[in-house]
Amino acid sequence: MIGLTVRQMHYFDALAQTLHFGRAAKLAGVSQPALSSQIAEMEQRLNCRLFERGGKSVRMTDEAVALLPRIERILADIRDVETTARRGRTAMEGRFRLGIIPTVAPYLLPRALPELKKHFPALLLELREAVTTSLVEDTASRKLDAFIAALPLDHPGLTTEALFPDRFFLAVPAGDPAFASPPVPPESPALERLMLLEEGHCLREQALAVCGNVRPVAMASYGATSLTTLLQMVAHGLGVTLIPEMAAGPAGTIPDLKIVPFQEPMPQRMICLAWRRNNARHGECVELAKIIRSLGAAMLAA
């Protein structure tokens, strides 16, 4: 009988995520020697090497890669059992893995994290920032409990709760004469200089939808992966870009950058919280949505 323990599987999962013994130990909340010892014992019980150690680098073996999805499913089942057992007691306690898209995370999290800590002091929140497609996949495979993104989400296995609308503005070079008299019509020829995020970012698709009557050409030689990068490029006169309302306030402090509105009705995206339909933490996700909804409304009203 092999006799793997849940603790060993937790440590294996942490090391597979980080590929670093120190960071894995921190993620698991134990000392590095304790984690190393349990991984070594796990390898001994399975009679195979799971991780190749080479100086400061760690690499998963083929055996570990094959084992990872099975261990993730086992740990997810255990978390569901624990959640079911907690029903009727205080909501939102223990580990909760929350994903969030990059065009929301820097603006919502500074407000949300202190509030969540205040309302749910026993909550251990683990965050993952990634593009929508990755968050959908990780939630469907139970690597995440829920995630924050923009609607629509094309996945039949997800439940979504609308949080708040987030209007779109346009970030332009401060002295650009083409935008001297806003608001900007969505068919303006000046939007041909629209710069976009890399493929995979939902903001890219939203920008193309908003400005569907023009053909953006400015990003032919760029591959921006963050809104912050795009805004710096705009400030240096390289083009214009779409900016969500939640990012407009912080962006207003960037020198040589100007935020201008579109013509009414202003385009917008709807931010939502999404989770698996059969998630045992459904009630907790609903509570989380209530808090984030009120925070989002307050943030946009400020």
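In the annotation of an unreviewed UniProt entry, the protein is listed under the name LysR family transcriptional regulator and assigned to Rhizobium loti.

> Would you mind going over the packing of helix 1 (residues 6-18) against helix 2 (residues 21-28) with me for this structure?
Any two packed helices are characterised by the angle at which their axes cross and by the distance between the axes. Packing of helix 1 against helix 2 leaves a shortest axis separation of 8 Å and a crossing angle of 130 degrees. Here helix 2 runs oblique to helix 1, going by the angle between their axes. Note on packing geometry: the crossing formed by helix 1 with helix 2 is right-handed. In this structure, helix 1 contributes Y11, A14, L15, Q17 and T18 to the contact, and helix 2 contributes F21, R23, A24, L27 and A28. Residue composition of the contact of helix 1 with helix 2, by class: seven nonpolar, two polar and one charged.

> Would you mind going over the pairing of strand 7 (residues 241-244) with me for this structure?
Residues in a regular strand project their side chains so that they alternate between the two faces of the sheet. Neither face of strand 7 is left uncovered, since the one carrying T241 and I243 and the one carrying L242 and P244 both have all their residues buried. Relative to strand 7, strand 6 (residues 158-173) is paired through four bridges, and the arrangement is antiparallel. Bridge pairing links L170 to L242 in strand 7.

> Sorry if this is basic, but what is going on with the environment of Q268 here?
Topologically, Q268 is positioned in strand 9 (residues 268-276). For Q268, a relative accessible area of 46% puts it in the partly exposed group. Taking the C-alpha atoms as reference points, Q268 and F168, separated by 100 residues in sequence, lie 5.2 Å from one another. When neighbours within four sequence positions are excluded, Q268 is seen to be in contact with P165, D166, R167 and F168.

> Which parts of the structure should I look at to understand the nonpolar core?
As a rule of thumb, soluble globular proteins bury nonpolar side chains together. Judged by nonpolar contacts, the single largest core of 73 residues is most densely connected at I148, L170 and L273. Setting aside residues no more than four positions away along its own chain, I148 makes contact with L98, G99, I100, I101, V104, L108, L135, L163, I271, C272, L273 and I292. Core analysis: the next-biggest nonpolar cluster, separate from the first, contains 20 residues, Y11, F12, I39 and V58 among them.

> Would you take a moment to explain unusual backbone geometry for this structure?
Glycine aside, residues mostly have negative phi angles, and peptide bonds mostly take the trans form. At the junction of L151 and P152, the peptide bond is cis and its omega measures out at 0 degrees in the coordinates. Secondary-structure assignment places P152 in the loop between strand 5 (146-150) and strand 6. Here P182 and P183 are connected by a cis peptide whose omega angle stands at 15 degrees. Within the fold, P183 resides in the loop between strand 6 and helix 7 (202-210). Although it is not a glycine, L19 adopts a positive phi angle of roughly 50 degrees. In this structure, L19 sits in the loop between helix 1 and helix 2.

> Would you take a moment to explain the confidence of the model for the protein for this structure?
Keep in mind that low pLDDT regions are not for reading the predicted coordinates in detail. Across the protein, the average pLDDT comes to 83, with 88% of residues at or above 70. The weakest mean pLDDT in the protein belongs to helix 7 at 72; the strongest belongs to strand 5 at 94.

> What is the right way to look at the pattern of salt bridges in this model?
A side chain with one charge can pair with a side chain of the opposite charge if their charged atoms come near. Following the criterion strictly, the structure yields 15 salt bridges and no others. Of the charged contacts in the structure, one is a salt bridge between E52 and R49, with a shortest N-O distance of 4.0 Å. Using a relative accessible area of 33% as the deciding quantity, one classes E52 as partly exposed. Across the salt bridge formed by D145 and R97, the nearest N and O atoms sit 3.0 Å from each other. Of the two residues, D145 sits in the loop between helix 6 (132-140) and strand 5 while R97 sits in strand 3 (residues 94-100), which places them 48 residues apart along the sequence. Summarising the burial analysis for this pair, D145 and R97 share the class buried.

> Explain the side chain of E43 to me, please; I cannot follow it from the model alone.
Tracing the backbone through its elements, the reader meets E43 in helix 3 (residues 32-46). For E43, a relative accessible area of 10% puts it in the buried group. In contact with E43, not counting residues within four places along its chain, are C48, R49, L50, F51 and R53.

What counts, and at which threshold
- Residues numbered from 1 in each chain as written.
- Predicted model: local features only at pLDDT ≥ 70, side-chain atom pairs only at ≥ 80, totals over all residues.
- Heavy atoms only, no water.
- Axes fitted to C-alpha atoms, helices over the stretch in contact; angles between N-to-C directions.
- Helix = DSSP H or I, 4+ residues; strand = E, 2+ residues; numbered from the N terminus.
- Parallel < 35°, antiparallel > 145°, perpendicular 65-115°, else oblique.
- Left-handed = near helix turned anticlockwise from the far one by under 90°.
- Contact = heavy atoms within 4.5 Å.
- Nonpolar A, V, L, I, M, F, W, Y, C, P; charged D, E, K, R; others polar.
- Buried < 20%, exposed > 50% of the residue type's maximum accessible area, 1.4 Å probe, protein only.
- Pairing = 2+ DSSP bridges.
- Core = buried A, V, L, I, M, F, W, Y, C linked by side-chain atoms within 4.5 Å.
- pLDDT = per-residue confidence, 0-100.
- Salt bridge = Lys/Arg side-chain N within 4 Å of Asp/Glu carboxyl O.

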